[in-house]
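In case you want the letters, here they are:
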Amino acid sequence: MRSVTYSMGVSLDGYIAGPDGEFGWTEPDEEVFSVVTEEIREVGVHLLGRRLYETMLYWETADQDPSLNDSMLEWAAIWKPLPKVVFSTTLSAVQGSARLASGGLAEEIERLRTQPGEGEIAIGGATLAAEAAALGLIDEYRVRVYPVLVGGGLPFFAQREQRVDLDLVEARTFSSRVVYLRYRVAR
């Protein structure tokens, strides 16, 4: 059965975006970016909320940006054809290899888990991931912790009232002082 993963950059105080919505502090250096690229290689389908989908639209045409280096072009080449499912109540259409979700999150994940296919089911966006976490649908959390305190904003983890035990699968510290933590939900 395909695993559901949630991977994001986060401040040490637990936010993926600061109080003003800014997240430039998560821009990865080459070393961290290579890990992000390896992660996306393992993805078979990516689930996104509207805000993240709109942010990621840049990558649909990034291959035309002459300022991108080879590693960014490689990432764009992986991202662009990757099947994406967008959860939105306000969008009526999406672009590229994306489609709008036809059902709820639990139903969509169940459908994807039972379909033949390779690769993980990745969830992007804190709001969508919080819904998946509340439903017990996330199998792995992959956190890139940046050495910054932003003081508030959009949390990586929504406040929950249930305990979830995790097993550490991998931990790395990069020269940029970013720490990568990969946890599997203990079941």
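Residues numbered from 1 in each chain as written. Predicted model: local features only at pLDDT ≥ 70, side-chain atom pairs only at ≥ 80, totals over all residues. Heavy atoms only, no water.

### Structural notes on the packing of helix 1 (residues 30-41) against helix 3 (residues 70-79)
Their axes nearest at 10 Å, the elements helix 1 and helix 3 cross at an angle of 20°. Compared by their axis directions, helix 1 and helix 3 come out roughly parallel. Judged by the twist between their axes, the crossing of helix 1 over helix 3 is left-handed. Along the contact surface, helix 1 presents E30, F33, V36, T37, I40 and R41, while helix 3 presents S71, M72, E74, W75, I78 and W79. Residues of the contact of helix 1 with helix 3, tallied by class, amount to 7 nonpolar, 2 polar and 3 charged. (Axes fitted to C-alpha atoms, helices over the stretch in contact; angles between N-to-C directions. Helix = DSSP H or I, 4+ residues; strand = E, 2+ residues; numbered from the N terminus. Parallel < 35°, antiparallel > 145°, perpendicular 65-115°, else oblique. Left-handed = near helix turned anticlockwise from the far one by under 90°. Contact = heavy atoms within 4.5 Å. Nonpolar A, V, L, I, M, F, W, Y, C, P; charged D, E, K, R; others polar.)

### Structural notes on the nonpolar core
Note on soluble globular proteins: their nonpolar side chains tend to be buried together. Formed by 27 residues in total, the largest nonpolar core has its most connected members in I40, M56, W59, W75 and W79. For this core, the secondary structure elements donating two or more residues are helix 1, strand 3 (43-49), helix 2 (50-56) and helix 3. The contact partners of W75, leaving out residues within four places of it in the chain, are F33, V36, T37, I40, M56 and W59. Core analysis: the next-biggest nonpolar cluster, separate from the first, contains 26 residues, V4, M8, V85 and V143 among them. (Core = buried A, V, L, I, M, F, W, Y, C linked by side-chain atoms within 4.5 Å. Buried < 20%, exposed > 50% of the residue type's maximum accessible area, 1.4 Å probe, protein only.)

### As for unusual backbone geometry
You will see that R177, though not glycine, has its phi angle at about 75°, which is positive. Tracing the sequence through the fold places R177 in the loop between strand 9 (166-173) and strand 10 (179-185).

### Brief notes about the pattern of salt bridges
Scanning the entire structure with this criterion turns up 18 salt bridges. As a salt-bridge pair, E42 and R142 come within 3.9 Å of each other at their nearest N and O atoms. In this pair, E42 is assigned in the loop between helix 1 and strand 3 and R142 in strand 7 (residues 140-146), connecting sequence segments 100 residues apart. Given the relative accessible area of 40%, E42 is considered partly exposed. The partner of K80 in a salt bridge is D63, with the nearest N and O atoms 3.7 Å apart. (Salt bridge = Lys/Arg side-chain N within 4 Å of Asp/Glu carboxyl O.)

### Brief notes about the packing of aromatic side chains
Enumeration over the complete set of coordinates arrives at 8 aromatic pairs. Pairing Y141 with F157 gives two aromatic rings, centres 5.5 Å apart and planes at 50°, and the pair type is tilted. One end of the pair, Y141, is in strand 7; the other, F157, is in the loop between strand 8 (154-155) and strand 9, and 16 residues separate them in sequence. The class for Y141 is buried, based on a relative accessible area of 5%. Every member of this aromatic cluster is reached through a ring pair, and the members are Y6, Y141, F156 and F157. Here the basic side chain of K84 rests over the ring of W79, its NZ or CZ set 4.8 Å away from the ring centre. (Phe/Tyr/Trp six-rings, centres within 6.5 Å; stacked < 30°, edge-to-face > 60°. Lys NZ or Arg CZ within 6 Å of the ring centre and 35° of its normal.)

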